[in-house]
Amino acid sequence: MKISRGATITEPGSTSLEETGSWRTFRPVIRYEKCIRCMICWNFCPEPAIEKKEGENYPVANPKLIKMPVPVINYNFCKGCGICVNECPTKAIDFIREEK
Amino acid sequence: MNYEDMEFFAPGHRACAGCAAPIIVKWVLKISGPKTIVVNATGCLEVFSTPYPHTSWRLPWIHTAFENAAATASGIDAALKAIGKRDDVNIVVFGGDGGTSDIGFQSLSGMAERGHNILYIMYDNEAYMNTGIQRSSSTPFGAWTSTTQVGPSRPLGKEEFKKPIAEIMAAHKIPYVATANPAFLPDFKAKIQKALSIKGPKFIHTISSCTTGWRHDPSKTIEIMRLATETGIFPLWEIENGDFSKIKITYMPKQRKPVEEYLKPQGRFRHLFNEPEKIKEIQKMVDEWWAKFETKS
Ligand SMILES: Cc1ncc(C[n+]2csc(CCOP(=O)(O)OP(=O)(O)O)c2C)c(N)n1
Ligand code: SF4
Ligand code: SF4
Ligand code: SF4
Ligand SMILES: [Mg+2]
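In this report, we go over the structure that sits alongside the text. (Residues numbered from 1 in each chain as written. Chains lettered and ligands numbered in written order. Predicted model: local features only at pLDDT ≥ 70, side-chain atom pairs only at ≥ 80, totals over all residues. Heavy atoms only, no water.)

Topic: the packing of aromatic side chains
All names here are of chain B.
Part 1: Considering all chains together, one arrives at 14 aromatic pairs over all chains under this definition.
Part 2: Ring geometry for Trp57 against Trp61: centres 6.0 Å apart, planes inclined by 25°, an arrangement best described as stacked.
Part 3: Accessibility expressed as a relative area gives 2% for Trp57, which makes it buried.
Part 4: Connected via pairs of aromatic rings, a cluster forms that spans Phe9, Trp57, Trp61 and Phe94. (Phe/Tyr/Trp six-rings, centres within 6.5 Å; stacked < 30°, edge-to-face > 60°. Buried < 20%, exposed > 50% of the residue type's maximum accessible area, 1.4 Å probe, protein only.)

Right, here's the structure in full:
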């Protein structure tokens, strides 16, 4: 590897080229029919591996929520820490052992 | 402008699963926005966010040695002033507890005394985590670390008290000092916002759970930090201009939970459960802090 002068790094956010999803032993899976779209999981994901997406095409716990954004887990980066599972107020996130 | 939906801290970093430090960082940057220069002392955060040739930062970021983050930030403040570009740029420092309470303390104290316009954030995982969980002055009384081993001749772990760094910074009479906890997110965000709206030196001490060094399940990171405040061990407060008589406690637990609830889920305190009188001592220290400050608030 050629070292840049002063070891400067010029590409912002470039760790996103290196995926950490292989670290996971348990996979969080959001059950959208139980999700109240509170975004607590999004608040606390340390990677961050939870993205905020438009919610119209996702199953919904209550039709009133359909216009609200939903959390979508990016498994390329999720390390399977389980914080989202632990913090979800409606227990909408299952935690399933990864199997090869 | 609200930048809450933007991510200025990219995934792919190498923090242990469940580390609290990136949660702190992502929220500070969502509040401070793109016009921010980050100064980062050596420590876990610097190491896991910049595995050469990559970086997680989407903002200007400078790595400093272990001991001089506040001095580097002071230089940036002075340099921007000299070229007439000081307006509306936030300078934010992230330092660990070792890099702040211990080896970086002289540069931090100097930054405060000279009155630089900087927000210094100490993320406190209560030991030198990056080098293998050695004790710092911020390690709490009773905790196991790799240099406060527990054994028959040393049943306690660390025998000294945690340095009250935020109170020490308040004694510098700087405009704003606060403690913060990402598990209490609205309070956390409000404090970052408030600090950035004030000119001059600001210091925020935030708890930062370390699943590896505190020895707890990674899924419990937020839960345990929440317990730190609900038990009163990590009270949330702010002090302006060093006026301790006007300390504002920003979260008042209706009834403080017993300290055991915070200690129990952490392996670093496991040995204390054979030493019940030591747990009583910890409870007493917490009660004393509240007796001293609660009436003022
Ligand atoms: C002068 C000096 N001494 C020792 C080190 C080695 N070192 C690097 S990081 C670190 C500990 C950092 O502890 P802390 O500031 O609490 O951050 P953490 O890693 O816990 O997040 C040490 C001792 C160093 N880089 N420079
Ligand atoms: S925490 Fe649970 S309920 Fe809230 S948005 Fe996430 S999955 Fe949905
Ligand atoms: S398990 Fe951890 S890393 Fe994965 S989505 Fe949940 S909080 Fe994020
Ligand atoms: S050792 Fe602790 S502070 Fe360092 S990355 Fe791991 S969990 Fe975070
Ligand atoms: Mg530390």
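Next comes the rest of the write-up.
Structural notes on the site of ligand 4
Residue and element names in this part refer to chain B.
Part 1: Near ligand 4 you find Ala15, Cys16, Cys19, Cys44, Phe48, Asn125, Cys210, Thr211 and Thr212, and these make up its full shell.
Part 2: Elements supplying a minimum of two residues to the shell around ligand 4: helix H2 (44-49) and helix H8 (211-214).
Part 3: Tallied by class, the residues present in the shell around ligand 4 amount to six nonpolar, three polar and no charged. (Near = heavy atom within 4 Å. Helix = DSSP H or I, 4+ residues; strand = E, 2+ residues; numbered from the N terminus. Nonpolar A, V, L, I, M, F, W, Y, C, P; charged D, E, K, R; others polar.)

Observations regarding the coordination of the magnesium ion (ligand 5)
Residue and element names in this part refer to chain B.
Part 1: For the magnesium ion (ligand 5), every protein donor is listed as Asp97 (OD), Asn125 (OD1) and Ala127 (O), and the spread of their distances is 2.0 to 2.1 Å.
Part 2: Each donor residue of the magnesium ion (ligand 5) lies on the same chain, and together they follow the pattern D-x27-N-x1-A.
Part 3: Here Asn125 falls in the buried class, since its relative accessible area comes to 7%. (Donors = N, O, S within 2.8 Å, 3.2 Å for Na, K, Ca; no water.)

Some points on the packing of helix H1 (residues 21-32) of chain B against helix H7 (residues 185-197) of chain B
The geometry of a pair of packed helices is captured by two quantities: the angle between their axes and the separation between those axes.
All names here are of chain B.
Part 1: Between H1 and H7, the least distance of the axes is 9 Å, while the angle of their chain directions is 50°. Comparing the axis directions of H1 and H7 gives the class oblique. The element H1 and its partner H7 pack so that their crossing is right-handed. Of H7, the residues touching H1 (which contributes Ile24, Trp27, Val28, Ile31 and Ser32) are Leu185, Phe188, Lys189, Ile192, Gln193 and Leu196. (Axes fitted to C-alpha atoms, helices over the stretch in contact; angles between N-to-C directions. Parallel < 35°, antiparallel > 145°, perpendicular 65-115°, else oblique. Left-handed = near helix turned anticlockwise from the far one by under 90°. Contact = heavy atoms within 4.5 Å.)

Regarding the interface of chain A and chain B
Part 1: Contacts between the two partners involve 32 residues from chain A and, on the opposite side, 39 residues from chain B.
Part 2: A combined buried area of about 2,800 Å² lies between chain A and chain B, and 58% of that area is made up of carbon and sulfur atoms.
Part 3: Our enumeration of links across chain A and chain B arrives at three salt bridges.
Part 4: Put simply, chain A and chain B have 25 residue pairs in polar contact (both at pLDDT 80 or more) between them.
Part 5: Elements supplying a minimum of two residues to the side of chain A that touches chain B: helix H1 (40-44) and helix H2 (83-87) of chain A.
Part 6: Residue composition of the side of chain A that touches chain B, by class: 15 nonpolar, 10 polar and seven charged. (Buried area = accessible area lost by both parts, 1.4 Å probe. Salt bridge = Lys/Arg side-chain N within 4 Å of Asp/Glu carboxyl O. Polar contact = N/O pair within 3.5 Å; in protein donor to acceptor, adjacent residues only side chain to side chain.)

Here we look at the site of ligand 1
Residues and elements named next belong to chain B.
Part 1: Taken together, 17 residues lie around ligand 1, and Cys44, Gly98, Gly99, Tyr123 and Ala127 are the ones closest in.
Part 2: Between ligand 1 and the protein, one listed contact pairs an oxygen atom with a backbone N or O atom of Cys44 at 2.8 Å.
Part 3: Between ligand 1 and Asp97, the relevant distance is 2.9 Å, taken from an oxygen atom to a side-chain nitrogen or oxygen of the residue.
Part 4: A total of 580 Å² of accessible area belongs to ligand 1 in isolation, and the protein chains cover 75% of it.
Part 5: Broken down by element, the shell around ligand 1 gets its largest block of residues, three residues, from helix H4 (residues 97-102).
Part 6: Looking at the shell around ligand 1 residue by residue, the classes come out as seven nonpolar, eight polar and two charged. (Areas by Shrake-Rupley, 256 points an atom, 1.4 Å probe, with all protein chains shown as cover.)

Quick word on the pattern of salt bridges
Part 1: Counted under the stated rule, the structure contains 28 salt bridges over all chains.
Part 2: Between Arg31 of chain A and Asp94 of chain A there is a salt bridge whose closest N-O contact spans 2.6 Å. With Arg31 of chain A in the loop between strand E1 (26-30) and H1 and Asp94 of chain A in strand E4 (residues 93-97), the pair connects residues that are 63 residues apart, well separated along the chain.
Part 3: The class for Arg31 of chain A is partly exposed, based on a relative accessible area of 28%.
Part 4: When the shortest N-O distance is used, the salt bridge between Lys162 of chain B and Asp124 of chain B registers 2.5 Å. Here Lys162 of chain B is found in the loop between strand E4 (119-124) and helix H6 (165-170), whereas its partner Asp124 of chain B is found in strand E4, with 38 residues between them in sequence.
Part 5: Assessed through its relative accessible area of 25%, Lys162 of chain B is described here as partly exposed.
Part 6: Asp124 of chain B gets classed as buried once you look at its relative accessible area, which sits at 1%.
Part 7: Each of Asp124, Glu126, Lys162 and Arg268 of chain B takes part in one network of salt bridges that share partners.

A closer look at the packing of helix H3 (residues 69-82) of chain B against helix H5 (residues 105-114) of chain B
Part 1: For the pair H3 of chain B and H5 of chain B, interaxial distance at closest approach is 7 Å and the crossing angle is 35°. Where H3 of chain B approaches H5 of chain B, its residues Ala69, Ala70, Ala71 and Ser74 of chain B are matched on the opposing element by Ser107, Leu108, Met111 and Arg114 of chain B.

The analysis is restricted to geometry; functional conclusions fall outside its scope.
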